[in-house]
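# Per-entry structural report
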Amino acid sequence: TINPGKVQAADFWPEAPDVQSASAIVMEASTGTILYEKNSMDAHYPASITKIMTSLLTLENSSPSDVVTFTEAEAHGIETGSSSMYCVPGEKFTIEQVLYGIMLQSANEMCLVAADHVAGSVSAFVDMMNERVAQLGLKDTHFMNPNGLHNDDHYTSAYDMACIAREAWKNPSFQKICGTRTYQ
């Protein structure tokens, strides 16, 4: 029964949303407080949200004015038909342009050139990704590539990805890139 004149939680707290996905999380960015979660520790394939970690590490380990030149392996080292800017060997970009390509266009080859630039090789960059996950204290993530193309051993949880995104959001350059609607 409801007591007349007394406020009840149901009077002001909304019902949880009807989330159709297998996992979900809503995390307050400044504190990390979890406002809603559903199976947030379950592992799933992250696909292109992998690029949040790639961008974070690139921002932390390079300068926006650094210039990269595409190799054959970087330009053509992605699956045919995957998200791309169709870069060609010998083409030059600044790291700033690379980051816009990663986050706005979801360009998979831009992840390869960033990885090579930052770590010397894609495999060394993937090691850095997994080391950064460990530094953040996350246990449900394992990366196999910098772009999120499918690999059975490439996974994360909603909770871990929220923590990675929260860490990336602390970087003003990441905020600027993600807040950009168009980039030429």
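Above this text you will find the structure in question.
Below is a summary of the structure that appears in this document. Predicted model only: the values in this text are computed from it and were never measured.

## Things to note about the nonpolar core
For soluble globular proteins, nonpolar side chains are generally found buried alongside one another. Counting 38 residues, the largest nonpolar core has M53, V98, M110 and I164 as its most contacted members. Elements represented by at least two residues in this core include exactly strand 1 (24-27), helix 1 (51-60), helix 3 (95-105), helix 4 (108-119), helix 5 (122-135), helix 6 (158-169) and helix 7 (172-178). Ignoring anything within four residues of it in the chain, the contact list for I164 reads I52, M53, V133, L136, L138 and F143.

## Some details on the state of the cysteines
Across all of its chains, the model carries zero disulfides by this definition. C87 takes part in no disulfide bond, and the closest cysteine sulfur, belonging to C111, lies 11 Å away. Exposure remark for C87: the relative accessible area of 4% places this residue in the buried category. Here C163 is not disulfide-linked; the sulfur of C178 is the nearest cysteine sulfur, at 17 Å. On the basis of relative accessible area, C163 is assigned to the buried category, the value being 14%.

## Some words on the pattern of salt bridges
Enumeration over the complete set of coordinates arrives at three salt bridges. In this structure, R132 engages E167 in a salt bridge whose closest nitrogen and oxygen atoms are separated by 3.1 Å. Taken together, the residues R132 in helix 5 and E167 in helix 6 connect sequence positions 35 residues apart. Side by side, R132 and E167 carry an identical accessibility label, which is buried. Note that E167 is salt-bridged to K170, the shortest N-O span being 3.1 Å. In this structure E167 comes out as buried when scored by relative accessible area, which is 19%. On the accessibility criterion, K170 (53% relative accessible area) is exposed. What you see here is one network of salt bridges that share partners, running through E60, R132, E167 and K170.

About the thresholds
Residues numbered from 1 in each chain as written. Predicted model: local features only at pLDDT ≥ 70, side-chain atom pairs only at ≥ 80, totals over all residues. Heavy atoms only, no water. Core = buried A, V, L, I, M, F, W, Y, C linked by side-chain atoms within 4.5 Å. Buried < 20%, exposed > 50% of the residue type's maximum accessible area, 1.4 Å probe, protein only. Helix = DSSP H or I, 4+ residues; strand = E, 2+ residues; numbered from the N terminus. Contact = heavy atoms within 4.5 Å. Disulfide = S-S within 2.5 Å. Salt bridge = Lys/Arg side-chain N within 4 Å of Asp/Glu carboxyl O.

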